[in-house]
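# Structural overview
Listed below, chain by chain, are the residues.
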Amino acid sequence: MRMNKQNQYLWLVLTCCIFVGELLIMLMLHNLPTLNPWVESLLDATLLSLFVAVLMYVFVFRNMKKSIEDISKAEEELRLVSVAFEMQEAIMITDVNANILRVNKAFEKITGYTEQEVIGKNPRILSSGMHDRDFYRKMWNDLLHDGIWKGEMWDRGKNGEIYSKLATISAVKNDKNETVQYVAAFTDNTAHKKAENEIYRLAFYDALTGLPNRRLLLDRLSVALSSSARSQLYGALIFLDLDNFKTLNDTLGHYYGDMLLVEVAKRLKASVREMDTVARLGGDEFVVLLEDLAANQQEATRKVAQIAEKLRIKIATPYQLNENIRHSSPSIGVCMFYGNQVSVDDLLKYADMAMYQAKNAGRNRIRFFDPHMQQLVETRALMEADLRSAINGQQLSLYYQVQLDQTMQPIGAEALLRWQHPTRGFVSPVDFIQIAEESSLILDIGDWVLETACQQLARWSQFEKTRHLVLAINISAQQFMQTDFVEHVATSVKANQINPACLKLELTESVALGGLDIVVTKMLALKHGIGVTLSLDDFGTGYSSLSYLKKLPFNQIKIDRSFVRDMLTDASDAMMVKNIIDMTHNFGMQVIAEGVETEQQLALLREYGCMSYQGYLFSKPLPINEFELLLTSVAKTE
Ligand code: C2E
Ligand code: MG
Ligand code: MG
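Residues numbered from 1 in each chain as written. Chains lettered and ligands numbered in written order. Predicted model: local features only at pLDDT ≥ 70, side-chain atom pairs only at ≥ 80, totals over all residues. Heavy atoms only, no water.

Turning our eyes to something else, we now look at the pairing of strand 20 (residues 590-593). Summarising the sheet, strand 19 (residues 556-559) and strand 20 pair through four bridges and their orientation is parallel. Its bridge partner lying in strand 20, I559 is registered against A593. Here strand 20 pairs with strand 21 (residues 612-613) via two bridges, running parallel. Bridge assignment links A593 to a residue of strand 21, and that residue is Y613. (Pairing = 2+ DSSP bridges. Helix = DSSP H or I, 4+ residues; strand = E, 2+ residues; numbered from the N terminus.)

Here it is as structure tokens:
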């Protein structure tokens, strides 16, 4: 029965009016004197029945009103539900046997199926075939246990296109807690998924070749190491670098360079198993990660050697780049792994080192990383860390090796660095200077040497006997190339108030690699601007021609000790020494021979016209107090 609120009030007013009317008639009749008792009792009964009727009416009406209110509330809710049902989210309701009962418009829009087409069918008609049994098993498990499943899934629309959806499926229960229906609500997640995939691709794949990038390779490598630890199978990392790729890029241009890289990527991918990772680290560097090679090291090495050779041949096959045919070859470094004792970064470093060995061996070659080399690398890393603390820990000191003139008078010394390691003992500069140079620690060390030498010169300047001594220090190329090197020297000279001519900087030919113009300008600033002396150390060991070196404003040339050592036995070395001395005379330079160990060497050097000498024949490098004692003893023997 449908009745709105207005009608209900009308009914109530009408009923009340009838009742009041009847009551008034009763009262009027009661007041008539001629009324007989029969009529009177009839009136009383009527009045009573009317009263009962009113009571019943009120009772019935109240209940009726309540049920009317309930119905209208339910109607309101239904309206709400049907509005909600037609929201953006697709909704599908099934019975307990998963037969579709109802779907909304959004469902029709996303899936392409009309309601008529799906009613009574199983939702499996939407299946994309992209999920395995386990996926659905887990879904039903969640629904049966928790009454709800949420997740992402791929479905297929009526037009055959696969789309991603974010879905929530809930079980609807009755009063007895029995599932009576399932309601699935979902939204189309395809655009989001595509964007997500694109972000992933950009973050983990190389844009040019589509290969995994360094980041993804490192991820996969770390998984591979753990998996090797579990499976006890060897794996390998193959590092490839294209030989002379830069030349191709420079001659044909980047367009062709890119074409070549894409082709290399294709060839590498085609040469390994689907499960192997081929990655591009950047530039012309590629890495192949091979897993599960063999349980036996020899067997694994044999397999990886075969694969590396196959890759080398494939990459070395000529490339057709549009109208050009180009040749390229790779240098290949291989590093085996077993378990996860070695870190991902170290493995990559070792494969890289092996690749450099292949390059040094003449390119287009394969080299395996040698564990012995690994040991060296590790010792080196430790040494670098120790050297860092050596500078502050006062483990460094300068030793002084005397330099003499033709009359055998001390004219100065070369300051040579010494490292007294707390556990290793004495470490030779031959072993640590290179490490310092590669790690830029040489800059701190160089500053320390310069300052210590200047302080020493300041002390010598106070005494008549030592005032004239020239102290030579070795300057590494890296230190010399610092933009503020000249200012640095000027500051130290000034701060210690020393005679700049007493400070001699020994440079090697490698400084000239910094560009002739810049080097000459710097040297002139040092020589004329500050007034320090410049000596060319280890002369004869480099590649520079004498005429090239003439352009560099050195005061002195220092003949390398290897020539001095062999000049008595090797005629060409003797000739070389003679030529160097003659040349310095012609150029108006001074000359000093280092590594003089015997009287015969000294005699020949004298004969050739050498002006000054340094070597074990006179003294080994000494700590400062011993060196000063040596000076006094020389003075006494005069
Ligand atoms: P260098 O500058 O050529 O130094 C000469 C080296 O020859 C020194 O080796 C010295 O001890 C050694 N020597 C001197 N006379 C003789 C001799 O008669 N026979 C033989 N066999 N050797 C002799 P040391 O002190 O081991 O230094 C080696 C190298 O380390 C130096 O070669 C220099 O390149 C580098 N070095 C040493 N101190 C420093 C420094 O303070 N800074 C920089 N950058 N390098 C340094
Ligand atoms: Mg030297
Ligand atoms: Mg030298």
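Inspection of the secondary structure assignment puts L524 in helix 17 (residues 516-530). Overall, L524 belongs to the partly exposed group, its relative accessible area being 34%. Distance from L524 to F554, taken between C-alpha atoms, is 9.2 Å for residues 30 residues apart in sequence. The contact partners of L524, leaving out residues within four places of it in the chain, are G529 and P553. (Buried < 20%, exposed > 50% of the residue type's maximum accessible area, 1.4 Å probe, protein only. Contact = heavy atoms within 4.5 Å.)

Protein ligation of the magnesium ion (ligand 3) involves D537 (OD), D538 (OD), E594 (OE) and E594 (OE), the donor distances falling in the range 2.1 to 2.7 Å. The sequence pattern formed by the donor residues of the magnesium ion (ligand 3) is D-D-x55-E. Between the magnesium ion (ligand 3) and the magnesium ion (ligand 2) the interatomic distance comes to 3.9 Å, and D537 is a ligand of both metals. (Donors = N, O, S within 2.8 Å, 3.2 Å for Na, K, Ca; no water.)

This part takes up the side chain of Q395. As for its position among the elements, Q395 is in the loop between helix 12 (371-392) and strand 13 (396-405). Not counting residues up to four positions away in its chain, the partners in contact with Q395 are A390, R418, W419, Q420, H421 and P422.

This part covers the coordination of the magnesium ion (ligand 2). Geometrically, a metal with four donors at the corners of a regular tetrahedron has ideal angles of 109.5 degrees, and one with six donors at the corners of a regular octahedron has ideal angles of 90 or 180 degrees. Protein-derived ligands of the magnesium ion (ligand 2) are E414 (OE), N474 (OD1), E506 (OE) and D537 (OD), with the metal-ligand distances lying across 2.1 to 2.3 Å. Read in sequence order, the donor residues coordinating the magnesium ion (ligand 2) give the pattern E-x59-N-x31-E-x30-D. Residue classification places N474 among the partly exposed residues on the basis of a relative accessible area of 31%.

Quantified by volume, the largest pocket comes out at close to 1100 Å³. Forming the boundary of the largest pocket are 35 residues, of which L416, P429, V430, N474 and R561 lie nearest the centre. Among the residues making up the lining of the largest pocket, the classes are represented as 14 nonpolar, 12 polar and nine charged. Space inside the second largest pocket adds up to approximately 480 Å³. N122, P123, R124, M139 and W140 are the residues nearest the centre of the second largest pocket, which is lined by 21 residues in total. (1 Å grid on protein atoms, 1.4 Å probe; cavity = no way out; pocket = protein on both sides within 12 Å on 5 of 7 lines; lining within 4 Å. Points joined across faces, edges and corners; volume = space filled by probe spheres on them. Nonpolar A, V, L, I, M, F, W, Y, C, P; charged D, E, K, R; others polar.)

In the vicinity of ligand 1, 22 residues are found, and the nearest of them are N474, D537, R561, E597 and Y616. Between Q401 and ligand 1, the recorded distance is 2.9 Å, taken from a side-chain N or O atom to a nitrogen atom. With respect to ligand 1, the side chain of N474 contributes an N or O atom lying 2.8 Å from an oxygen atom. Relative to its unbound accessible area of 790 Å², ligand 1 is 85% covered by the protein chains. Most atoms of ligand 1, that is more than half of them, are within 2 Å of grid points of the largest pocket. Looking at the shell around ligand 1, the elements with two or more residues in it are strand 14 (410-421), helix 13 (429-438) and strand 18 (533-539). Residue contributions to the shell around ligand 1 peak at four residues, all from strand 14. Partitioned by chemical class, the residues of the shell around ligand 1 number nine nonpolar, five polar and eight charged. (Near = heavy atom within 4 Å. Polar contact = N/O pair within 3.5 Å; in protein donor to acceptor, adjacent residues only side chain to side chain. Areas by Shrake-Rupley, 256 points an atom, 1.4 Å probe, with all protein chains shown as cover. Sits in = over half its atoms within 2 Å of the grid points.)

Strand order in the open sheet formed by five strands is 7-8-6-11-12, and the pairing between neighbours is mixed. Among the strands making up the open sheet, the edge pair consists of strand 7 (277-282) and strand 12 (366-368). Averaged over all pairs of adjacent strands, the angle between their axes in this sheet comes to 20°, without regard to strand direction. Pairing analysis gives five bridges linking strand 7 to strand 8 (residues 285-294), with the strands arranged antiparallel. Residue pairing across strands places R280 opposite F286, the latter belonging to strand 8. The strands that helix 7 (residues 214-231) touches are strand 6 (234-242), strand 7, strand 8 and strand 11 (330-337); relative to strand 8, the one it contacts most, it runs at about 15°. Packing against the sheet, helix 11 (residues 344-360) makes contact with strand 6, strand 8, strand 11 and strand 12, and its axis sits at approximately 145° to strand 11. (Axes fitted to C-alpha atoms, helices over the stretch in contact; angles between N-to-C directions.)

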